[in-house]
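Structural overview
Next come the chains, spelled out residue by residue.
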Amino acid sequence: MNLRNIISQAVLSLAFIASAPAAGKTPDIHKVFHVRLPDEKKPFPEPLAAGEQPGFKFRGTKGWAWTPDQYLAEIPWLVKFKMNFLMNCYSSMFDLEHHPNWLGDLQANRWWEDFPEAKKKAYENIVRECRKKGLQFRFSMNPNLSSARMVNDGSPESVELLYKHYAWMQSLGVKWFNVSLDDIRQGINASTQAKSVNEIFHRLRAQDPAAQMIISPTFGSGDGTGEKQKPYLEDLARELDKDVYMFWTGEAVVGAVTRHGAETFRGICGHRLFLWDNYPVNDNHPAMHLGPVVDRDADLGEVIDGYMSNPHCKQNQINRIPLATCADYSYNPRAYDPARSIGQAILHLGASPAQCEALRDLVETYPGML
């Protein structure tokens with residue numbers, strides 16, 4: 001990040017603090033963001049009341065073009081935060097070693113080829129580490145992004161070539177799979193997408209009745225009523241296997257997520273949902289979003305089965321601060337308090353009072369999407 005951006009964000013942070021409301025009034029966290037470090041480190045995420053279940057049954061994160069070492073580094077923190085799954089970023093399966101600037105590079109995603117042995121061994125190790133720590137590893141690919149070929153593009157072997165990667169992961173004991181079809185500009189046909197996903201899913205189920213599939217639809221944001229979105233989702237609702245889950249990013253790509261929006265989207269798409277929460281993701285831009293996750297309805301878990309945070313790209317270590325608040329929210333959403341959560345997240349991540357104070361200053365300087 002360049003000096004101008006640093007100064008700009010610092011000035012904004014000072015402006016937030018300077019505009020604090022009078023004593024006794026609760027500040028609007030969107031206008032005034034100030035972190036108060038708690039006096040005491042408490043259990044985190046916020047414990048559930050006796051007899052309560054977590055707000056979301058499935059809670060986890062994905063990577064963002066992460067390297068195998070980054071995935072391995074985050075596994076202990078997911079366990080600490082009571083999350084229960086880790087999904088690879090589909091772009092991690094691209095040839096990042098030779099195409100680091102992969103977006104739009106049609107040679108970056110050669111999904112029809114076998115993965116290099118070194119990459120396979122690295123991800124086999126990640127699967128083993130997840131299993132040791134009690135996490136589900138979930139395998140994801142996006143065949144139609146930054147690719148010269150499409151699945152179901154008229155060549156009868158296309159699904160077979162994609163399926164081999166899922167079969168490899170299933171042979172390692174993986175039970176959860178994702179076919180991502182978001183962010184694409186080609187192959188946007190709900191019927192052909194459904195047929196490809198169904199074929200892979202049915203093959204996986206034939207080998208393991210416990211296999212699960214999630215699709216990331218091309219039109220996965222909004223409430224489902226948009227001009228292009230609704231007919232697309234209605235086709236998926238009709239043709240996609242009813243056991244397939246669907247990712248949804250909320251009423252917008254980023255922003256507030258409401259129960260009403262989730263109910264509307266689910267009613268149109270006809271499938272069980274996971275929230276693909278685009279926070280604190282920076283999409284590899286020179287920015288950090290370190291404040292707590294906000295504006296998620298407390299009862300979303302009554303409509304949505306799973307919660308997945310989308311993280312920073314290169315900054316996986318500092319990502320642990322906002323990720324902790326996502327874990328806190330998804331575990332106990334009815335008791336979630338962003339001001340409490342960010343303070344406890346810092347205490348649980350800092351190794352000393354001086355570190356906690358430094359992290360507090362950093363979070364206040366880069367509050368994120370608040």
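Nothing here was measured: the structure is a model prediction, and the numbers come from that model.

On to the overall build of the chain, then. Scanning the chain from N- to C-terminus turns up ten helices and eight strands. Radius of gyration (C-alpha) of the chain: 21 Å, near the 21 Å computed for a compact globule of 370 residues. Each of the three principal axes of the chain carries a C-alpha extent, and together these read 70 × 45 × 45 Å. Counting over 370 residues, the chain shows a buried share of 52%. A fraction of 80% describes how many contacts in the chain between residues 6 or more apart in sequence connect residues 24 or more apart.

Turning our attention to the side chain of Glu364. For Glu364, the position within the fold is in helix α10 (residues 353-365). It is Arg360 that comes nearest to the buried, bridge-free Glu364 among opposite-charge side chains, at 5.1 Å. Among the polar contacts made by the side chain of Glu364, one reaches the side chain of His34 at a distance of 2.7 Å.

What follows deals with the environment of Asn332. Its place among the elements puts Asn332 in the loop between α8 (320-331) and α9 (338-349). Distance in space between the C-alpha atoms of Asn332 and Gly226 is 32 Å, their sequence separation being 106 residues. For Asn332, the contacting residues outside a window of four places in its chain are Glu46, Pro47, Leu48 and Glu52. Here the side chain of Asn332 touches Glu46 through a polar contact of 3.3 Å, landing on its backbone oxygen.

Another aspect to go through is the packing of aromatic side chains. Following the criterion strictly, the structure yields 26 aromatic pairs and no others. Between Phe58 and Phe274 the ring centres are 5.5 Å apart and the planes differ by 20 degrees, which places this aromatic pair in the stacked class. Of this pair, Phe58 sits in strand β1 (residues 58-62) while Phe274 sits in strand β7 (residues 273-280), and the two are 216 residues apart along the sequence. The exposure class of Phe58 is buried, given its relative accessible area of 7%. Look at Phe139 and Tyr166: their rings are 5.2 Å apart centre to centre, the planes differ by 75 degrees, and that puts the pair in the edge-to-face class. Residue Phe139 is located in strand β3 (residues 136-141), and its partner Tyr166 is located in helix α4 (residues 158-171); the two are separated by 27 residues in the primary sequence. Among the aromatic residues, those joined into a ring-pair cluster are Phe58, Phe85, Trp176, Tyr245, Phe247, Phe274 and Trp276. Above the ring of Trp111, the side-chain terminus of Arg149 is found at 5.8 Å from the ring centroid.

Let us look at helix α3 (residues 117-132). Over its 16 residues, α3 runs 23 Å from end to end, which matches the ideal 22 Å to within 8%, given 1.5 Å per residue. Turning to α3, its buried residues are Lys119, Tyr123, Glu124, Ile126, Val127 and Cys130. The buried residues of α3 all sit within an arc of 155 degrees when viewed along its axis, so they share a single face. In α3, those exposed residues whose orientation departs by more than 90 degrees from the buried face are Glu117, Ala118, Lys121 and Lys132. Buried positions along α3 lie against α2 (68-80), β2 (85-87), β3 and α4.

Here we come to the pairing of strand β5 (residues 212-216). Of all five residues making up β5, five are buried, and the element is well covered by its neighbours. Where strand β4 (residues 176-180) and β5 come together, five bridges link them in parallel fashion. Bridging across to β5, Trp176 finds its partner in Gln212. Regarding topology, helix α5 (residues 190-207) serves as the crossover connection from β4 to the parallel β5, and that connection is right-handed. In terms of strand pairing, β5 meets strand β6 (residues 245-248) through two bridges, oriented parallel. Bridge pairing links Ile214 to Tyr245 in β6. Regarding topology, helix α6 (residues 229-239) serves as the crossover connection from β5 to the parallel β6, and that connection is right-handed.

The rules behind these values
- Residues numbered from 1 in each chain as written.
- Predicted model: local features only at pLDDT ≥ 70, side-chain atom pairs only at ≥ 80, totals over all residues.
- Heavy atoms only, no water.
- Helix = DSSP H or I, 4+ residues; strand = E, 2+ residues; numbered from the N terminus.
- Rg over C-alpha atoms; globule rule 2.2 N^0.38 Å.
- Buried < 20%, exposed > 50% of the residue type's maximum accessible area, 1.4 Å probe, protein only.
- Contact = heavy atoms within 4.5 Å.
- Lys, Arg positive; Asp, Glu negative; His and termini not counted.
- Salt bridge = Lys/Arg side-chain N within 4 Å of Asp/Glu carboxyl O.
- Polar contact = N/O pair within 3.5 Å; in protein donor to acceptor, adjacent residues only side chain to side chain.
- Phe/Tyr/Trp six-rings, centres within 6.5 Å; stacked < 30°, edge-to-face > 60°.
- Lys NZ or Arg CZ within 6 Å of the ring centre and 35° of its normal.
- Expected span 1.5 Å × (residues − 1).
- Arc of directions from axis to C-beta.
- Pairing = 2+ DSSP bridges.
- Right-handed = clockwise from strand over helix to strand, strands pointing away.

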